Amino acid sequence: MRSLFYIMLVGLLPSIGMAKNECGDVGSRLYRMLQCHKKTDKHLLCGILKYCVTDCRDVLSDDRSAQSGVYSVVVNGAEHDVYCEMDLHGGGWTVFQKRFEGSVDFNRGWADYEAGFGDLNGEFWLGNSLLNQLVAQYESDLLIRMVEFDGEVHYIMYRNFLLGNASTDYRLDFGPPIGGNATDDMAVHDRQPFSTPDVSNTIFGGDCGTWYNSGWWFNDCFDANLNGLYLPATHTDPSQGIIWKNITGSFGSLQATDMMYRPSLAD
Ligand SMILES: *[C@@H]1O[C@H](CO)[C@@H](O)[C@H](O)[C@H]1NC(C)=O
Ligand SMILES: *[C@@H]1O[C@H](CO)[C@@H](O)[C@H](O)[C@H]1NC(C)=O
Ligand SMILES: *[C@@H]1O[C@H](CO)[C@@H](O)[C@H](O)[C@H]1NC(C)=O
């Protein structure tokens, strides 16, 4: 029955102008209704449909028992590896920032933040260019999870997460918080372009990226800076560190952070 359905679908594709190995707007929605399952991967038609895994929610829909880890997704016809968080808040989250031990230096310039850096199995920044393409596909939720050195966990979730492309300097956009137990310290970063130590796009012209050693959507300069220096729980360097002001204050730093998105469940 399923095979028959696939054959009908593939027959239908040319008529809606979709190349069989691309995931365009119309096509990807259609494909996603007909997800492949791991056990049928060898099937020719399923091999074609597989290209429509466009983010971690698709990975999880394909295989409800998929574990957190690195998976391949296709966006704009190109394949990319991403880290999927499959346990938190229902799973299916595509992670774009992960820190937990300080081995990866986040004090980097524009080109690195644009292309991404670090190790997908460790700490990393996925990259503004790819993130822009990923979140342009669907209306998405943003989830930020933070862990203090004493193990206390905080999180906050927002609706309508978007990242502009290079022409907007990767401007951040998100809607109101829709859950969590952290205060909304991202509020001042909404609708801000990205800045780095070598490229300042702050509204007041200040060189926040250089002062605070990171790439971020600095405003004047920040209430949250999750890409700041990896420092101990308390330190003497004001406003340095991985900061969420309400949790760390100016002389604290977080032990771990994860930033991730998922197509809105209602989508
Ligand atoms: C915040 O919520 C998470 C998930 O429900 C929970 O594990 C954590 O203990 C909560 N933290 C605080 C500070 O309430
Ligand atoms: C960037 O996004 C804007 C809309 O937000 C679009 O008009 C423009 O064509 C895009 N530029 C590139 C290079 O994709
Ligand atoms: C954190 O936010 C709560 C609720 O708004 C507030 O009562 C508390 O004083 C804040 N703590 C810090 C350290 O800013």
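Above this note sits the structure.
Residues numbered from 1 in each chain as written. Chains lettered and ligands numbered in written order. Predicted model: local features only at pLDDT ≥ 70, side-chain atom pairs only at ≥ 80, totals over all residues. Heavy atoms only, no water.

**With respect to unusual backbone geometry**
In this model, D220 is joined to C221 through a cis peptide bond whose omega is -10°. The backbone phi angle of D169 is positive, close to 55°, even though this residue is not glycine. By the element assignment, D169 lies in the loop between β7 (153-163) and β8 (172-173). With a phi close to 65°, R191 is a non-glycine residue in the positive phi region. Relative to the helices and strands, R191 resides in the loop between β9 (177-180) and α7 (208-211). (Helix = DSSP H or I, 4+ residues; strand = E, 2+ residues; numbered from the N terminus.)

**Observations concerning the site of ligand 1**
As a structural note, the neighbourhood of ligand 1 is formed by E152, V153, H154, Y155 and N181. Backbone polar atom of V153 to a nitrogen atom of ligand 1: 2.7 Å apart, as the coordinates give it. A distance of 2.3 Å separates an oxygen atom of ligand 1 from a polar atom in the side chain of N181. Starting from 360 Å² of accessible surface for ligand 1 in isolation, the protein chains cover 49%. Residues of the shell around ligand 1, tallied by class, amount to two nonpolar, two polar and one charged. (Near = heavy atom within 4 Å. Polar contact = N/O pair within 3.5 Å; in protein donor to acceptor, adjacent residues only side chain to side chain. Areas by Shrake-Rupley, 256 points an atom, 1.4 Å probe, with all protein chains shown as cover. Nonpolar A, V, L, I, M, F, W, Y, C, P; charged D, E, K, R; others polar.)

**Thoughts on the state of the cysteines**
As enumerated under the stated definition, the model contains two disulfides in all. Between the sulfur atoms of C56 and its disulfide partner C84 the distance amounts to 2.0 Å. Because the sign of the S-S torsion sets the handedness, a value of about -80° for the bond joining C56 and C84 places this disulfide among the left-handed ones. One end of the pair, C56, is in helix α4 (residues 56-62); the other, C84, is in strand β2 (residues 78-85), and 28 residues separate them in sequence. Here the bonded cysteines of the protein chain are numbered in sequence order, and their pairing is 1-2, 3-4. (Disulfide = S-S within 2.5 Å.)

**Remarks on a nonpolar patch on the surface**
Taken together, the side chains of I203, F204 and W211 make up a nonpolar region of the molecular surface, amounting to roughly 350 Å² of accessible area. Take W211: its relative accessible area is 42%, and that puts it in the partly exposed class. (Patch = residues over 30% accessible without salt bridge, like charges linked within 9 Å, V, L, I, M, F, W, Y side chains within 5 Å. Salt bridge = Lys/Arg side-chain N within 4 Å of Asp/Glu carboxyl O. Buried < 20%, exposed > 50% of the residue type's maximum accessible area, 1.4 Å probe, protein only.)

**Description of the pairing of strand β3 (residues 93-99)**
One face of the sheet, then the other: side chains in a regular strand alternate in exactly this way. Burial analysis of β3 places seven of its seven residues in the buried class, which makes it a mostly covered element. Bridge count between β3 and strand β12 (residues 256-263): five bridges; the pairing is antiparallel. Within β12, the position partnered with Q97 by the bridge is M259. For β3 and strand β5 (residues 124-125), the ladder comprises two bridges, and the chain directions are antiparallel. Across the sheet, Q97 pairs through a bridge with W125, a residue of β5. (Pairing = 2+ DSSP bridges.)

**A look at the pattern of salt bridges**
Once the charged atoms of two side chains with opposite charge are near each other, the side chains can pair. A complete count under the given rule lists seven salt bridges for this structure. Between D258 and K98 there is a salt bridge, with the nearest N and O atoms lying 2.6 Å from each other. With D258 in strand β12 and K98 in strand β3, the pair connects residues that are 160 residues apart, well separated along the chain. The two residues D258 and K98 agree in class, both being buried. For the salt bridge of R191 with D190, the shortest nitrogen-to-oxygen distance reads 3.8 Å. Taking relative accessible area as the criterion, D190 reaches 13% and is therefore assigned buried. Via salt bridges that share partners, K98, R145 and D258 belong to a single interconnected network.

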